[in-house]
Amino acid sequence: VGKPSPQLAETLMKKWSLERSRTIMVGDRLDTDVAFANRAGIASALVLSGVSTLEQAEAAQNGANADMSPTYIVKTLLSLVSGNGDEMQK
């Protein structure tokens, strides 16, 4: 069992006593990381320093594939952890 299976999320949520409303999946792939978050009912942050592009993320957000639509899009992991709103978009 792996991403994007919601069964993996259930296992992790139970093991670490996580709350969906306080959990975010961070990754660089729409088809695995973001889809995993959406299927698990948790927020997602797509980091643009990897595989998926801004254009692909925007297309997903505009209805091309709702399963791969990220909650947030960030340029780098540093911009996510620093909370730099200038580098984040929803």
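Predicted model only: the values in this text are computed from it and were never measured.

The rules behind the values
Residues numbered from 1 in each chain as written. Predicted model: local features only at pLDDT ≥ 70, side-chain atom pairs only at ≥ 80, totals over all residues. Heavy atoms only, no water. Helix = DSSP H or I, 4+ residues; strand = E, 2+ residues; numbered from the N terminus. Buried < 20%, exposed > 50% of the residue type's maximum accessible area, 1.4 Å probe, protein only. Contact = heavy atoms within 4.5 Å. Salt bridge = Lys/Arg side-chain N within 4 Å of Asp/Glu carboxyl O. Axes fitted to C-alpha atoms, helices over the stretch in contact; angles between N-to-C directions. Parallel < 35°, antiparallel > 145°, perpendicular 65-115°, else oblique. Nonpolar A, V, L, I, M, F, W, Y, C, P; charged D, E, K, R; others polar.

A.B. asks: Help me understand the overall build of the protein chain, please; the structure alone is not making it clear to me.
C.D. replies: The helix and strand tally for the protein chain stands at 4 helices and 4 strands. Put simply, the protein chain runs from its N terminus to its C terminus through helices and strands in the order α-β-α-β-α-β-α-β. Within the protein chain, the proportion of its 90 residues that are buried is 32%. Considering only residue pairs separated by 6 or more positions, the protein chain has 44% of its internal contacts joining residues 24 or more positions apart.

A.B. asks: Looking at this model, I keep getting lost on the pattern of salt bridges. Mind explaining?
C.D. replies: Opposite charge on two side chains permits them to pair, given that their charged atoms come into close proximity. Taken as a whole and assessed by the stated rule, the structure comprises 4 salt bridges. Put simply, Arg29 and Asp31 hold a salt bridge, and the shortest N to O gap is 3.0 Å. We note a salt bridge from Asp67 to Arg39, for which the minimum N-O separation is 2.7 Å. Taken together, the residues span a long stretch of sequence, with Asp67 in the loop between α3 (54-64) and β3 (72-74) and Arg39 in helix α2 (residues 30-40) at a distance of 28 residues. Here Arg39 falls in the partly exposed class, since its relative accessible area comes to 43%.

A.B. asks: Please clarify how the packing of helix α1 (residues 6-16) against α2 should be interpreted in this entry.
C.D. replies: Each pair of packed helices can be summarised by the angle the axes make with each other and by the distance between the axes. Packing of α1 against α2 brings their axes to within 8 Å, and their N-to-C directions diverge by 70°. Taken together, the axes of α1 and α2 are roughly perpendicular relative to one another. When α1 is examined against α2, the residues Pro6, Leu8, Ala9 and Leu12 are found in contact with a partner set consisting of Phe36, Arg39 and Ala40. Classifying every residue of the contact of α1 with α2 gives 6 nonpolar, no polar and 1 charged.

A.B. asks: Looking at this structure, how should I read the environment of Val34?
C.D. replies: Inspection of the secondary structure puts Val34 in helix α2. Given a relative accessible area of 1%, Val34 falls into the buried group. Residues Val34 and Gly63, spaced 29 residues apart in sequence, show a C-alpha to C-alpha distance of 15 Å. In contact with Val34, other than residues within four places in its own chain, are Arg29, Ser44, Leu46, Asp67, Met68, Ser69 and Pro70.

From the geometry alone we can't say anything about function, so treat these as descriptive.
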